[in-house]
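Observations on the three-dimensional arrangement
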Amino acid sequence: MENIKAKKKYGQNFLKDDSILHKIIEAMPNNENHTVEIGPGLGDLTQHMLKYKDVTAYEIDSDLLTVLQSKFANEIQSRKLELIHTDVLQIWKSKNTLYDGKYDLIANLPYYIATNIILSAIEDSNCEHIIVMIQKEVAQKFAANEGEKEFSSLGVMTKLTSKEAKILFDVPPTAFEPPPKVTSSILYIKKDLNNSLDDEFKSFLKAAFTQPRKKLSKNLSSKIDKTLLKEIYLALNIDENIRPHELSASLYHQMYEKVILNDKRKRN
Ligand code: SAM
C-alpha cells in the first residue's frame, strides 16, 4: 500500500479510520440484495463488506487494480468479488445499470463525480439503497427538505424517488489519507422502486432552480406562459412570491402535471 501514491485526478482519499469503516458496515441493509462498490481503492471497505455480501466493484485506476487483484485473489477466484476495471459512468451510459439484479450501492465515492454518480444510481431501477460517503455540502442537498436553503432540484428528485433520504453521520478530513479539504458525510437513500422521473420533468426542475434566490415564477417564466402559470399557482394555492427552495416536491410534481396536461390539450 505504501508504494501507492494517491491520485488527485481520480479523487483518491483513502478511508483509514477503522471506527468509520465499521459504522458504514453497520449501515449496510440486512437484505438479499447484491452489493456494488464504486472505487474500491485499496480495498479497505471492500474487505469488510465481503464478510457479509458478494461484491461487484468498479475501479478506474489500473495501479489500484493490480493491488486489488493480488489482495483479493481468493475472493475473485471464488466469485465472491467481481472486480471491473472501468470508468463507472461509462457503464451507466452503455448499460443503464451496474448490476443485473437488485443491488445496494455502498461506497466512499470519488468527490469530483459524486453528484453524477448519485443521480445515475437514482435512475438505475436495479439500485435500491444508496449509502455513500460524499462532501457534506452535496449530501445536504440530496437530503434537504423544502424550506431549507439547501433544497434544490437534487432534493426534489430525491424526495420523489425515495422512501427515505438522510445524512447518517459526518466524517472529518482526518479519517482519510490524504485528508480532503472538506468535511464528508454518509448519505443514506432508500429508494422507492415504483417511482421514476422523466427527462421533461428534469428540465422543468432545471428551469425552476436557474436562479435559486429569485422568485420561482420568474424562473419558470422562461418555460411556461404567464397566464398558464398564474392559473396553476391559483389552482394549487401557491403564494406568488414563493422562492424555488420553499415549494414542496409534491407541488413541483403537481405543477408539472398541469403543464403537461395543458400541452396535451393544446395539441388535441
Ligand atoms: N474505497 C476506497 C476507500 O474508501 O479508501 C477509495 C475511495 S476514493 C475516495 C475514490 C475511488 O474511486 C478511488 O479508488 C478512485 O480511483 C476511484 N474512481 C475515481 N473515478 C472513478 C470512476 N470514474 N470510475 C470508477 N472508479 C473511480
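Residues numbered from 1 in each chain as written. Predicted model: local features only at pLDDT ≥ 70, side-chain atom pairs only at ≥ 80, totals over all residues. Heavy atoms only, no water.

Where an unreviewed UniProt entry is consulted, the chain appears under the name Ribosomal RNA small subunit methyltransferase A, with the organism given as Candidatus Marinarcus aquaticus. Per UniProt, the chain has the following entry under Catalytic activity (unreviewed entry): "adenosine(1518)/adenosine(1519) in 16S rRNA + 4 S-adenosyl-L-methionine = N(6)-dimethyladenosine(1518)/N(6)-dimethyladenosine(1519) in 16S rRNA + 4 S-adenosyl-L-homocysteine + 4 H(+)". The record held by UniProt for the chain lists under Sequence similarities (unreviewed entry) the comment "Belongs to the class I-like SAM-binding methyltransferase superfamily. rRNA adenine N(6)-methyltransferase family. RsmA subfamily." (UniProt positions renumbered as here; feature names shortened; annotations may be inferred.)

This part is about the site of the ligand. Within the structure, the ligand sits among 23 residues, and L15, G39, E59, N108 and Y112 are positioned closest to it. Note that an oxygen atom of the ligand is positioned 2.9 Å from one of the side-chain N or O atoms of Q12. Expressed as a share of its isolated accessible area of 600 Å², the protein-covered part of the ligand is 99%. The cavity where the ligand resides is the largest cavity. Of all the elements in the fold, those that place two or more residues in the shell around the ligand are β1 (14-15) and β3 (55-59). In terms of residue class, the shell around the ligand is built from 12 nonpolar, 7 polar and 4 charged. (Near = heavy atom within 4 Å. Polar contact = N/O pair within 3.5 Å; in protein donor to acceptor, adjacent residues only side chain to side chain. Areas by Shrake-Rupley, 256 points an atom, 1.4 Å probe, with all protein chains shown as cover. 1 Å grid on protein atoms, 1.4 Å probe; cavity = no way out; pocket = protein on both sides within 12 Å on 5 of 7 lines; lining within 4 Å. Sits in = over half its atoms within 2 Å of the grid points. Helix = DSSP H or I, 4+ residues; strand = E, 2+ residues; numbered from the N terminus. Nonpolar A, V, L, I, M, F, W, Y, C, P; charged D, E, K, R; others polar.)

Using the residue numbers shown here, the UniProt feature "binding site: S-adenosyl-L-methionine" (unreviewed entry) corresponds to N13, L15, G39, E59, D87 and N108. The annotated residues contributing to the lining of the largest cavity are N13, L15, G39, E59, D87 and N108. With respect to the helices, strands and loops of the structure, L15 is situated in strand β1. Once residues lying within four places of it in the same chain are set aside, the contact partners of L15 are I20, L21, I24, D44, N108, M133, A175 and F176. With respect to the helices, strands and loops of the structure, N108 is situated in strand β5 (residues 103-108). In this structure, N108 is in contact with N13, L15, I38, G39, L45, M133 and F176, ignoring residues within four places of it in sequence. In terms of polar contacts, N108 uses its side chain to reach the backbone carbonyl oxygen of N13, at 3.4 Å. (Contact = heavy atoms within 4.5 Å.)

Attention now moves to the sheet that holds strand β9 (residues 184-191). Sheet architecture is open: 7 strands sit in the order β4-β3-β2-β5-β6-β9-β7, paired in mixed fashion. Of all the strands in the sheet, the pair left with one neighbour each is β4 (81-85) and β7 (162-171). For this sheet the average axis-to-axis angle between neighbouring strands, irrespective of direction, equals 15°. For strand β2 (residues 34-38) and β5, the ladder comprises 3 bridges, and the chain directions are parallel. Bridging across to β5, H34 finds its partner in Y103. Across the sheet, helix α1 (residues 18-26) is in contact with β5, β6 (127-135), β7 and β9; its angle to β7 comes to roughly 170°. Along the sheet, helix α6 (residues 114-123) makes contact with β2, β5, β6 and β9, crossing β6 at roughly 170°. (Pairing = 2+ DSSP bridges. Axes fitted to C-alpha atoms, helices over the stretch in contact; angles between N-to-C directions.)

Next up on the list: unusual backbone geometry. Residue E177 is joined to P178 through a cis peptide bond whose omega torsion reads -10°. Relative to the helices and strands, P178 is located in the loop between β8 (176-177) and β9. Non-glycine residue R79 carries a positive phi angle of around 65°. Relative to the assigned elements, R79 resides in the loop between α4 (73-77) and β4. By relative accessible area, which is 71% here, R79 ends up exposed. Here the phi dihedral of N237 falls at roughly 60°; this positive angle occurs in a residue that is not glycine. Considering the arrangement of structural elements, one finds N237 in the loop between α11 (226-235) and α12 (249-267). The class of N237 is exposed, set by a relative accessible area of 73%. (Buried < 20%, exposed > 50% of the residue type's maximum accessible area, 1.4 Å probe, protein only.)

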